[in-house]
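Chain by chain, the residues run as shown.
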Amino acid sequence: MAGRPGYLTLPIFSVLAAIGYVYYTAVFLAVPRWLGLATAAGVANAAAFTALAAACVATYAVAVRRDPGRVPPGFVPDVEDAESTVHEIKRKGGDLRYCQKCSHYKPPRAHHCRVCKRCVLKMDHHCIWINNCVGHENYKIFLVFVLYAVVASFYAMILIIGSVLHSVPKDEQSSNDSSRTSIIICGVILSPLALALAVLLGWHSYLILQNKTTIEYHEGVRAMWLAEKGGDLYHHPYDLGVYENLISVLGPNIFCWLCPVSNTVGNGLRYRTSYDIPLSTQPI
């Protein structure tokens, strides 16, 4: 059973244990066997991997603890607001989206999470590995954590492969057999994990470039099918073009895009749409 958001659960302990296990194997087994901790190259690689592992833990902790975004009490969409050109409505009836469980209207891109038992702003998905929803306020932190985890995983794989292929003197082979076995076991476990993280990073990179959430992607597939069935064309309303899409998620400062800080644009209650952009500059 999932715990309350922000609380430590078995999947969270599993992630922390995996980070610790890979860190120990890479820094205290692979690097000494291949480069040696007494060499400049060994110290440099150990320090670099330590910094990367620390960044993974820090961003992971923020993703676990940060609230993904709450709907303000008494929120009511202003249908007469001239700046709000798009209002999301129900498929049946055409009424404004209203959450019966939370007893309030849903802002654009917000959805109710059955695990968290509340509506989440710009909800992407509920992640059991952080025991939290991924939404407006913590999406960037989650993405940066996945990026750091992918880099750390492939960095560790390079250290592991290098240490396994490195031949040691015969008089030291007996003492290195056990460490070599541990390194190989870690590599076998890490390989599918690194691949899965890389696929996850690629998937969310694709979503960001189109300014979609995972939920909106699946909804868009159905909307596109219905539009084509009726002889129309479907265009995702929040697609502002590649650069504007990146800014909306990663922030306006390009030098902070990969930094483990959250500089979300807006309050999560209203989002720019392609209808706000002049026709001459709309994305193709």
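Whatever comes next refers back to the structure up there.
Small disclaimer: the values here were computed from a predicted structure and weren't measured.

Applying the stated criterion across every chain yields a total of eleven aromatic pairs. Centre to centre, the rings of Trp203 and Tyr217 are 4.9 Å apart; their planes meet at 90 degrees, and the pair counts as edge-to-face. Taken together, the positions of Trp203 in helix α4 (residues 173–209) and Tyr217 in helix α5 (residues 214–229) put the pair 14 residues apart, joining distant regions of the chain. Here the aromatic rings of Tyr206 and Tyr217 are separated by 6.3 Å at their centres, their planes lie at 80 degrees, and the arrangement is edge-to-face. Within this pair, whereas Tyr206 is found in helix α4, its partner Tyr217 is found in helix α5, the two being separated by eleven residues in sequence.

Estimates place the volume of the second largest pocket at around 540 Å³. Forming the walls of the second largest pocket are 25 residues, and the residues nearest its centre are Val15, Phe145, Ala149, Leu193 and Leu197. Those elements that place two or more of their residues in the lining of the second largest pocket are α1 (10–34), α2 (40–65), β5 (125–127), α3 (139–165) and α4. Of the residues assigned to the lining of the second largest pocket, the class counts are 21 nonpolar, four polar and no charged.

Right, let's talk about unusual backbone geometry for a bit. Located in the positive-phi region is Lys117, a residue other than glycine, with phi close to 60 degrees. For Lys117, the location among the structural elements is in the loop between β3 (111–113) and β4 (118–120). For Asn211, which is not glycine, the phi dihedral falls at a positive 55 degrees. Within the secondary structure, Asn211 sits in the loop between α4 and α5.

As a further point, take the side chain of His126. Relative to the assigned elements, His126 resides in strand β5. Take His126: its relative accessible area is 18%, and that puts it in the buried class. Not counting residues within four places of it along the chain, the set of residues in contact with His126 comprises Cys113, Val115, Cys116, Asn131, Asn132 and Cys133.

This part is about the pattern of salt bridges. For the coordinates displayed, the defined rule picks out four salt bridges. Here Arg118 and Asp67 are joined by a salt bridge, their closest N and O atoms 3.1 Å apart. Of the two residues, Arg118 is situated in strand β4 and Asp67 in the loop between α2 and β1 (98–99); the sequence distance between them amounts to 51 residues. Residue Arg118 is classed as buried on the basis of its relative accessible area of 12%. A residue is classified by how much of its surface remains accessible, and Asp67, at 30% relative accessible area, is partly exposed. Salt-bridge contacts for Glu244 lead to Arg272; the nearest nitrogen and oxygen are separated by 3.2 Å. Remark: Arg272 occurs in the segment after α6 (242–250) and Glu244 occurs in helix α6; sequence separation between them is 28 residues. Each of the salt bridges in this network shares a partner with another, and the network as a whole consists of Asp67, Arg70 and Arg118.

All right, on to the packing of α1 against α2 then. Across the interface, α1 lies against α2 with an axial gap of 10 Å and an inter-helix angle of 175 degrees. With respect to their mutual orientation, α1 and α2 come out roughly antiparallel. Across the interface between the two elements, Pro11, Ile12, Val15, Leu16, Ile19, Val22, Tyr23, Ala26, Val27 and Val31 from α1 touch Gly42, Ala46, Phe49, Thr50, Ala53, Val57, Tyr60 and Val64 from α2. Residues that form the contact of α1 with α2 fall into these classes: 16 nonpolar, two polar and no charged.

Parameters and conventions
Residues numbered from 1 in each chain as written. Predicted model: local features only at pLDDT ≥ 70, side-chain atom pairs only at ≥ 80, totals over all residues. Heavy atoms only, no water. Phe/Tyr/Trp six-rings, centres within 6.5 Å; stacked < 30°, edge-to-face > 60°. Helix = DSSP H or I, 4+ residues; strand = E, 2+ residues; numbered from the N terminus. 1 Å grid on protein atoms, 1.4 Å probe; cavity = no way out; pocket = protein on both sides within 12 Å on 5 of 7 lines; lining within 4 Å. Points joined across faces, edges and corners; volume = space filled by probe spheres on them. Nonpolar A, V, L, I, M, F, W, Y, C, P; charged D, E, K, R; others polar. Buried < 20%, exposed > 50% of the residue type's maximum accessible area, 1.4 Å probe, protein only. Contact = heavy atoms within 4.5 Å. Salt bridge = Lys/Arg side-chain N within 4 Å of Asp/Glu carboxyl O. Axes fitted to C-alpha atoms, helices over the stretch in contact; angles between N-to-C directions. Parallel < 35°, antiparallel > 145°, perpendicular 65-115°, else oblique.

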